Amino acid sequence: MNTQIIAIANQKGGVGKTTTCANLGIGLVQAGKKVLLIDGDPQGSLTISLGHPQPDKLPFTLSDAMGRILMDEPLRPGEGILHHPEGVDLMPADIQLSGMEVSLVNAMSRETILRQYLDTLKGQYSHILIDCQPSLGMLTVNALAAANRVIIPVQAEYLPAKGLEQLLQTINKVKRQINPKLQIDGILLTMVDNRTNFAKEIAALLRETYGSKIKVFGTEIPHSVRAKEISAEGKSIFAHDPNGKVAEGYKNLTQEVIKLEKQREKSRAGSIR
Ligand SMILES: Nc1ncnc2c1ncn2[C@@H]1O[C@H](COP(=O)(O)OP(=O)(O)OP(=O)(O)O)[C@@H](O)[C@H]1O
Ligand SMILES: [Mg+2]
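A short tour of the structure in this document, coming up. (Residues numbered from 1 in each chain as written. Chains lettered and ligands numbered in written order. Predicted model: local features only at pLDDT ≥ 70, side-chain atom pairs only at ≥ 80, totals over all residues. Heavy atoms only, no water.)

On to the nonpolar core. Residues I38, M66, L114, Y117, L118, I152 and I187 are the most contacted members of the largest nonpolar core, which totals 53 residues. With seven residues, the single largest contributor to this core is helix α6 (residues 138-146). Ignoring any residue separated from it by four or fewer positions in sequence, one finds I187 in contact with I152, V154, L164, L206, Y210, I214, K215, V216 and F217. Membership of the second largest hydrophobic core comes to 30 residues, among which are L188, I230, L253 and V257. (Core = buried A, V, L, I, M, F, W, Y, C linked by side-chain atoms within 4.5 Å. Buried < 20%, exposed > 50% of the residue type's maximum accessible area, 1.4 Å probe, protein only. Helix = DSSP H or I, 4+ residues; strand = E, 2+ residues; numbered from the N terminus. Contact = heavy atoms within 4.5 Å.)

Following this line, the structure appears as structure tokens:
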């Protein structure tokens with residue numbers, strides 16, 4: 001299986017990375033895909049939002065898996081992977097993962113430990129989504145080194161000035177030095193309040209500034225309290241508010257993501273022919 005590995009990254013906090021990871025992941029499951037989510041944040045927000053309120057009580061988390069790779073120790077097939085009732089698999093994270101940031105500093109091939117871990121799982125999934133922490137540290141670099149695609153959620157409420165530049169620089173550096181396959185899928189506007197023109201202005205500004213280089217997804221995720229409620233419920237927006245506008249947003253995003261990979265496959269096939 002040609003596994004698509006998508007990092008959901010932005011070093012700015014609270015822009016909708018985790019919400020997007022969970023709901024795009026479950027959206028892909030509903031579209032018939034086999035999906036693994038990786039919680040790449042020591043805060044464990046993705047783990048919590050998928051029904052595990054105390055990640056530090058879990059017997060095995062991403063830091064254990066990466067530790068095995070670092071120590072060259074074997075992993076059992078699927079070891080520590082949790083199954084969510086809505087059909088998605090999850091490699092959880094807890095606060096121990098913050099220690100990994102330190103362990104990696106002096107490790108050999110430190111940028112590719114996560115990639116090596118995912119290599120052991122790849123054949124089993126059509127899609128692996130990585131929820132990044134809000135920083136550009138070693139864990140995010142590991143996610144970018146493992147991925148072939150990046151989605152950048154941007155909260156439509158603020159002008160994403162300097163931060164985005166820095167993120168794009170990091171992505172380009174990883175692409176140049178470690179992972180030439182890495183491609184930016186696009187910028188995703190989140191928490192869009194349609195009562196104001198702000199999102200439209202920001203989208204226009206983003207397209208003007210980056211449009212020639214980076215796609216801004218046609219889908220925008222609307223702001224809704226229903227989206228805020230889901231992390232406490234441990235379920236997706238599709239289960240919590242199936243007919244709401246956020247569910248519709250993530251459904252459309254799922255279709256855009258699938259369309260992108262089909263387009264790329266086609267152009268690859270075309271260039272081989
Ligand atoms: N479409 C939405 N409408 C309203 N609230 C939302 C929406 N999407 C996410 N939120 C809320 O905004 C907050 C931040 O979202 P989320 O945790 O997904 O962001 P994040 O980028 O992962 O944050 P962090 O950088 O801390 O990891 C959460 O409380 C979440 O419930
Ligand atoms: Mg998060």
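This part is about the pairing of strand β1 (residues 4-8). Counting buried positions over the five residues of β1 gives five, a clear majority of the element. Sheet topology places β1 next to strand β5 (residues 127-132); five bridges connect them, and they run parallel. Along β5, the bridge assignment pairs I5 with I128. Pairing between β1 and strand β6 (residues 149-155): three bridges, direction parallel. (Pairing = 2+ DSSP bridges.)

This part is about the packing of helix α4 (residues 97-105) against α6. Contact geometry for α4 and α6: axes closest at 9 Å, N-to-C directions at 80°. One element, α4, and the other, α6, form an angle in the roughly perpendicular class. On α6, the residues touching L97, M100, E101 and L104 of α4 are M138, L139 and N142. (Axes fitted to C-alpha atoms, helices over the stretch in contact; angles between N-to-C directions. Parallel < 35°, antiparallel > 145°, perpendicular 65-115°, else oblique.)

Note on placement: I8 falls in strand β1. Residues contacting I8, with those up to four places away along its chain left out, are K17, T20, C21, L24, I130, D131, C132, I151 and P153.

Right, let's talk about the layout of surface pockets for a bit. One number sums up the size of the largest pocket: a volume of about 590 Å³. Together, 30 residues line the largest pocket, and G16, T19, M191, A227 and K228 are the ones closest to its centre. Those elements giving two or more residues to the lining of the largest pocket turn out to be α1 (17-30), α2 (45-49), α9 (225-233) and α11 (245-272). The dominant element in the lining of the largest pocket, judged by the number of residues it contributes, is α1, at five residues. Tallied by class, the residues present in the lining of the largest pocket amount to twelve nonpolar, 14 polar and four charged. The space that makes up the second largest pocket amounts to roughly 380 Å³. Within the residue set of the lining of the second largest pocket, elements represented by two or more residues are β1, α5 (113-119), α6 and α11. Ranked by residue count, the leading element in the lining of the second largest pocket is α11, at five residues. (1 Å grid on protein atoms, 1.4 Å probe; cavity = no way out; pocket = protein on both sides within 12 Å on 5 of 7 lines; lining within 4 Å. Points joined across faces, edges and corners; volume = space filled by probe spheres on them. Nonpolar A, V, L, I, M, F, W, Y, C, P; charged D, E, K, R; others polar.)

Let's shift gears to the packing of helix α3 (residues 62-70) against α4. In contact at an axis separation of 9 Å, α3 and α4 are set at 25° when each is read in the N-to-C sense. On the basis of the axis angle, α3 is roughly parallel to α4. Relative to α4, α3 is oriented so that their crossing is left-handed. Contacts between α3 and α4 involve L62, S63, M66, G67 and L70 from the first element and L97, M100, S103 and L104 from the second. Of the residues assigned to the contact of α3 with α4, the class counts are six nonpolar, three polar and no charged. (Left-handed = near helix turned anticlockwise from the far one by under 90°.)

Okay, the site of ligand 1 next. Around ligand 1, the surrounding shell holds 17 residues, and the nearest of these are G14, K17, T18, T19 and P222. Residue V15 places a main-chain N or O atom 2.9 Å away from an oxygen atom belonging to ligand 1. The side chain of K17 places a nitrogen or oxygen atom 2.8 Å from an oxygen atom of ligand 1. The site holding ligand 1 turns out to be the largest pocket. Elements represented by at least two residues in the shell around ligand 1 include exactly α1 and α9. (Near = heavy atom within 4 Å. Polar contact = N/O pair within 3.5 Å; in protein donor to acceptor, adjacent residues only side chain to side chain. Sits in = over half its atoms within 2 Å of the grid points.)

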